[in-house]
Each structure stands twice: as C-alpha cells, then as structure tokens.
Amino acid sequence: MKIKTCLIITLTVMAMVPTAMAEKDRGNQMVLPDWGIITVPDNIYMDAGKQPVVTAQKYNNDMDRMLEAIYPAAPRTYQLIKKEGASFYYGYLLQYTLGSWDFKQLVNGKTVKFNRPDYLQEQGAADISTYAAHVNNRLRTSLPSGFNLIQPIQLVKVSGNTFYEGIIGRTMVINAAAFQEMMHIIAWQRGGVVEIAIVMGNADDEESLIRPVMAMLEDVKVIKQTERIDI
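Residues numbered from 1 in each chain as written. Predicted model: local features only at pLDDT ≥ 70, side-chain atom pairs only at ≥ 80, totals over all residues. Heavy atoms only, no water.

Undergrad: Would you mind going over the pairing of strand 6 (residues 147-158) in detail, with residue names and values included?
TA: In terms of strand pairing, strand 6 meets strand 7 (residues 161-174) through nine bridges, oriented antiparallel. Note that in strand 7 the partner of V158 across the bridge is N161. What sits between the antiparallel neighbours strand 6 and strand 7 is a turn of two residues, in which S159 has the positive phi angle 50°. (Pairing = 2+ DSSP bridges. Helix = DSSP H or I, 4+ residues; strand = E, 2+ residues; numbered from the N terminus.)

This is how it looks when you write it as structure tokens:
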C-alpha cells in the first residue's frame, strides 16, 4: 500500500513539473500603451527609459534627437537588457503612435505640426498597404550616409494580425574595428492609427535579443477600448 501511495505521489509531482515550467517560461505580461499586451520573457528586462546608441554619435548618442531631426515625432522609449548565461545584451526600443494625417506626412517626407485635426473624412484614412512600396523607395534614397536598407518593408502575418516589417543597418568603424547596429522596424494599423516600433541593437546580438523582442511585439494581445486591463 505504501509503495502504491508513493507511486501516486511521484506521478502527481511529475505531472505538475511541466505545468510549473510552462508557467515560468511564460514570461511577464506588460501593457505597451496603444500597442497591446505583450509577454516579456523572464530573461529580458524591459522598462521605460533611454539607452545611449552609437548610431547617433552626432547627437551625443541620443537616438531620439537624431530621429526627431528627421521627423518631429515623440516616441516612447524603452531600455532592453537580456541575460544569457554570463553574457548581457543591450538594446533600445522606440515606439511611435501616429494618426492617419501624421503618417501620410511621414511617408511623404513632410514636416507637420502635431495635434492638428485628422482629416480622415476629407482625405480618407491612410492604409499602410498602399504606402509600403513608397516607404521602401524613400528608405533606399533618403537614408543618411552610412545607413543601408537591408530588408525592405514587407507584409508579415502573425496570429491573424498584419504587420509590416523591415531592417535598416549602419556600419561604423570604432577603435579601428567594424561595428554594425541593426534597426528592425515593425508597423501595423489599428483603424486610423498607425503603430510603429523600432528595435535597435548590436548586429552580433540580433538573434539573441532583437529577434526575440520582435517576436514579443508580434505576439500581442490587442486591447479593446472597452476591455479592462488587469495584469
């Protein structure tokens, strides 16, 4: 009887272990304003804040200032740190929320004053799909010196959501050695609003940090306006 009881306990514990591991691997849920609920893996630290970026050397390593000089939009910024064994990987995430009018101006390379009325009724809502080719042409011809369009903006579907993703890279020489930073772009449309996120990091850390963060953004749970957020 004791052997049978021990066997039952052992089997019960074995059944519970995968569930516990799954809970641990599930990560931590986080509300990314206007984007939705994302799940941050346990080994990635993500928090609001600024991160120095070598790509923006001319702007005192401030990527926000560099992008603002190209287009005056205010991003939400997040620090990214991943621990993998004894190694640490550092990255940066910039998130933009643009109204239909502002998105059109961005694509057309025009500077506009923010918070102006969104003329959806008069001009029609901006549809990313109709602008993708134009965006790629602008990226090929208008990027600052040293920047290259590695992967043109293209449609990606994940779990029923439609994203537009591309990759920009910049190669520099630092201390007589080549150094490359990558900028993965992901955008999607929610009604008359276009959400854009830029995930930045060292090219050597692309598989370890950048792509896991991109997957995290793709695997988003959309928050409805009437839905209560309770994490």
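Undergrad: Could you give me a rundown of the pattern of salt bridges, with the residues and numbers involved?
TA: Note on pairing: side chains with opposite charge can pair once their charged atoms come close. One pass over the full model with this rule turns up four salt bridges. R76 is the partner of D34 in a salt bridge, and the nearest nitrogen-oxygen pair spans 2.8 Å. Remark: R76 occurs in strand 4 (residues 76-84) and D34 occurs in the loop between strand 1 (28-32) and strand 2 (36-40); sequence separation between them is 42 residues. We classify R76 as partly exposed; its relative accessible area is 29%. For the salt bridge of R211 with E206, the shortest nitrogen-to-oxygen distance reads 3.2 Å. (Salt bridge = Lys/Arg side-chain N within 4 Å of Asp/Glu carboxyl O. Buried < 20%, exposed > 50% of the residue type's maximum accessible area, 1.4 Å probe, protein only.)

Undergrad: Requested: an account of unusual backbone geometry, with residues and values cited.
TA: One non-glycine residue, D34, lies in the positive phi region at around 70°. For S159, which is not glycine, the phi torsion reads 50° and is therefore positive. Positionally, S159 belongs in the loop between strand 6 and strand 7. A residue is classified by how much of its surface remains accessible, and S159, at 67% relative accessible area, is exposed.

Undergrad: An account of the side chain of E195 is requested, with residue identities and associated values reported.
TA: Secondary-structure assignment places E195 in strand 9 (residues 193-202). This buried residue, E195, is left without a salt bridge; R76 holds the nearest opposite charge, at 5.1 Å. In terms of polar contacts, E195 uses its side chain to reach the side chain of Q95, at 3.2 Å. In this structure the side chain of E195 is engaged in a polar contact, spanning 3.0 Å, whose partner is the side chain of T97. (Lys, Arg positive; Asp, Glu negative; His and termini not counted. Polar contact = N/O pair within 3.5 Å; in protein donor to acceptor, adjacent residues only side chain to side chain.)

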